[in-house]
Amino acid sequence: MEAGWPFLFKLHSPRNYIVGGGFFVRFTVLPCFLAWDAFGEKNGVSNMTELVERIARYRKSPQTSGAQIGCNILTDPFFLDEDQWIPIPDDWPRSVQRGFTYDTNQASGQNLWKAVEERLVVKRPGIRVEKPRFGADYLAKTRLGQGAFRTLVTDAYHRRCAVAGERSLPALEAAHIKAHAEEGPNQTQNGLLLRADIHRLFDEGYVTVNPNLYFEVSPKLRQEFENGRAYYALAGEELKNIPDLLADRPSREFLEWHNTEVFIP
């Protein structure tokens, strides 16, 4: 699926209705602990222990918090009131277990999407149903949630710290370059995957990444804490790990903001 495609929710048979949906961002495979940290109860359970137990029940074998699970990441989810549920199209294959794709250039797909649009207008008064955007254009303009931001940044940086190259996923965090509290967007161009200690120093202004993608350390770190050798050893080095796609790499605009507004010279 391409980013931006509508992704609809169907109940299990025999309740053959479409009851909501969202818009597809990306599929990824995450360990349970990261899926829980990113999405919490949106995983469909009340805590991580229950998430692990449910996976163990489905797989019929013991599981741990590191068990890998597939995640369809969506944005702008919506849920229909029961009187607005949409019966599945007549040509829905009864044997489908993992989903089915409709083409809006064909009658059944066109009718289904029209029914969804009509309900969205009722569900969200004043909504404008615009021409769909797909792929990189969609990801650049849509409003992603914090969980989607974290997983997209994690994948874009190959699950390695941008500065130190650390691969231990539990120790890595998705950092906003321009703080979310300062209206920094949840976009990969505004993100860096950092080891937790580097992330904390980055947020506090003791370290930064300059617009040429070199790591810098403030002299205040040594002056105030009489330490910091591990970080000064990395100072002046180019980032060890950056995203493959140009569209995912750190934005000069956001890096300049951090250098000017947060970094302590």
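A few points on the structure. (Residues numbered from 1 in each chain as written. Predicted model: local features only at pLDDT ≥ 70, side-chain atom pairs only at ≥ 80, totals over all residues. Heavy atoms only, no water.)

1. Examining the packing of helix α1 (residues 32–39) against helix α5 (residues 146–156)
Stage number 1. As a packed pair, α1 and α5 sit with axes 7 Å apart at the nearest point and diverge in direction by 140 degrees. The angle between α1 and α5 places the two elements in the oblique class. Residues L34, D37, A38 and F39 of α1 form the contact with α5, whose participating residues are G147, A148, R150, T151 and T154.
Stage number 2. Its residues placed into classes, the contact of α1 with α5 shows four nonpolar, three polar and two charged. (Axes fitted to C-alpha atoms, helices over the stretch in contact; angles between N-to-C directions. Helix = DSSP H or I, 4+ residues; strand = E, 2+ residues; numbered from the N terminus. Parallel < 35°, antiparallel > 145°, perpendicular 65-115°, else oblique. Contact = heavy atoms within 4.5 Å. Nonpolar A, V, L, I, M, F, W, Y, C, P; charged D, E, K, R; others polar.)

2. Here we look at the packing of aromatic side chains
Stage number 1. With the rule as written, the count across this model stands at nine aromatic pairs.
Stage number 2. A ring pair is formed by F100 and Y102, whose centres lie 5.1 Å apart and whose planes are at 80 degrees; its orientation type is edge-to-face.
Stage number 3. On the basis of relative accessibility, which here comes to 39%, the residue F100 falls in the partly exposed class.
Stage number 4. For the cation-ring pair, R57 lies above Y58, with the distance from its terminal atom to the ring centre recorded as 5.8 Å. (Phe/Tyr/Trp six-rings, centres within 6.5 Å; stacked < 30°, edge-to-face > 60°. Buried < 20%, exposed > 50% of the residue type's maximum accessible area, 1.4 Å probe, protein only. Lys NZ or Arg CZ within 6 Å of the ring centre and 35° of its normal.)

3. Focus: the side chain of N186
Stage number 1. Within the secondary structure, N186 sits in the loop between β5 (172–176) and β6 (191–195).
Stage number 2. Here the side chain of N186 touches H176 through a polar contact of 2.7 Å, side chain to side chain. (Polar contact = N/O pair within 3.5 Å; in protein donor to acceptor, adjacent residues only side chain to side chain.)

4. Brief notes about the nonpolar core
Stage number 1. One finds V163, L192, L194, I198 and F215 to be the most contacted residues of the largest nonpolar core, which totals 51 residues.
Stage number 2. A per-element tally of this core places α1 first, with seven residues.
Stage number 3. Excluding residues within four positions of it along the chain, L192 makes contact with V153, Y157, A162, E173, A174, A175, I177, F202, V209, L239 and P250.
Stage number 4. In terms of nonpolar packing, the next biggest core, distinct from the first, is built from 15 residues, W85, I88, Y102 and W113 among them. (Core = buried A, V, L, I, M, F, W, Y, C linked by side-chain atoms within 4.5 Å.)

5. Brief notes about the pairing of β5
Stage number 1. Extensive coverage of β5 is indicated by the burial of four of its five residues.
Stage number 2. As paired elements, β5 and β6 share five bridges and run antiparallel to each other. Looking across to β6, one finds that A175 is bridged to L192. (Pairing = 2+ DSSP bridges.)

6. As for α1
Stage number 1. For α1, the buried fraction is high: seven of the eight residues fall into the buried class.
Stage number 2. Along α1, the residues classified as buried are C32, F33, L34, A35, W36, A38 and F39.
Stage number 3. Those residues of α1 that are buried lie in contact with β2 (17–31), α2 (48–59), β3 (68–79) and α5.

7. Here's the deal with helix α6 (residues 196–204)
Stage number 1. Considered for burial, the residues of α6 that qualify are I198, H199, L201 and F202. The buried residues of α6 occupy one face: seen down the axis, they fall within an arc of 165 degrees.
Stage number 2. Phi turns positive one or two residues past the end of α6, at G205, with a value near 90 degrees. (Arc of directions from axis to C-beta.)

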